[in-house]
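# Fold and geometry: a report
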Amino acid sequence: MERKQVKETPDVPKTRIRIKLRGYDYKVLDKSARQIIETAMRYGGQVSGPVPLPTEIHKYTVNRSTFVHKDAREQFEIRVHKRLIDIYNPPQKLIEALGDLNLPSGVDVQIKM
């Protein structure tokens, strides 16, 4: 039997910034992601994303009244939307610009290098 040759994968760039965005409102989250991507493109970084990650859904059930009326309940849910952006080979000016970026409230940003 002959062995099949395995294709070599191209080398992944060494430096990468991974940005995770989390928020309750997906419209504000998408606007923030667009703002980050525009900043990265302006300074010459290679951008991958935004990748929508699975939405976390937290459900809470609460009794409407106290004591006896257990059948009367109310249900609430909170949805946490997430996006992932990778920036490859970022120049130093881009890193400084990302630190100075003014994003709206309600968007949690985690930046890892």
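The sections below set out a description of the structure shown in this document. The shown structure was predicted, so the numbers you read here are calculated from the model rather than taken from an experiment. Residue positions are counted from 1 within each chain, in the order its sequence is given. For a predicted model such as this one, the threshold for reporting local features is a pLDDT of at least 70, and the threshold for listing and counting side-chain atom pairs is 80 or more; totals across whole chains, interfaces and linings nevertheless cover every residue. With hydrogens and water stripped out, all remaining heavy atoms of the structure feed into the side-chain values.

## Digging into the nonpolar core
Working definition of a nonpolar core: buried Ala, Val, Leu, Ile, Met, Phe, Trp, Tyr and Cys residues. They are joined through side-chain atoms within 4.5 Å. Only protein chains enter the accessibility calculation, which uses a 1.4 Å probe. A residue is then buried if its area is under 20% of the maximum for its type, exposed if over 50%, and partly exposed in between. Formed by 14 residues in total, the largest nonpolar core has its most connected members in Ile19, Leu21, Ile36, Ile85, Ile87 and Leu98. Secondary structure counts use DSSP, requiring at least four H or I residues in a row for a helix and at least two E residues in a row for a strand, with both numbered from the N terminus. Considering each element in turn, this core owes the most residues, five residues, to helix H1 (residues 26-42). The contact rule is simple, with two residues in contact once any of their heavy atoms fall within 4.5 Å. Excluding residues within four positions of it along the chain, Ile87 makes contact with Thr15, Arg16, Ile17, Ile19, Ala40, Gly45, Gln46, Leu94 and Leu98.

## Examining the side chain of Ser32
Considering the arrangement of structural elements, one finds Ser32 in helix H1. Residue Ser32 is classed as buried on the basis of its relative accessible area of 1%. Beyond its immediate chain neighbours, meaning those up to four positions away, Ser32 contacts Leu21, Leu103, Pro104 and Val107.

## Considerations on H1
One fewer than the residue count of a helix, multiplied by 1.5 Å, yields its expected span. A rise of 1.5 Å per residue sets the reference length of H1, with its 17 residues, at 24 Å; its end C-alpha atoms lie 24 Å apart and thus fit the reference within 8%. Contacts from the buried residues of H1 go to strand S1 (16-23), strand S2 (46-63), strand S3 (73-88), helix H2 (92-99) and strand S4 (107-112). Of the residues one or two after H1, Gly44 is the one with positive phi, at around 85°.

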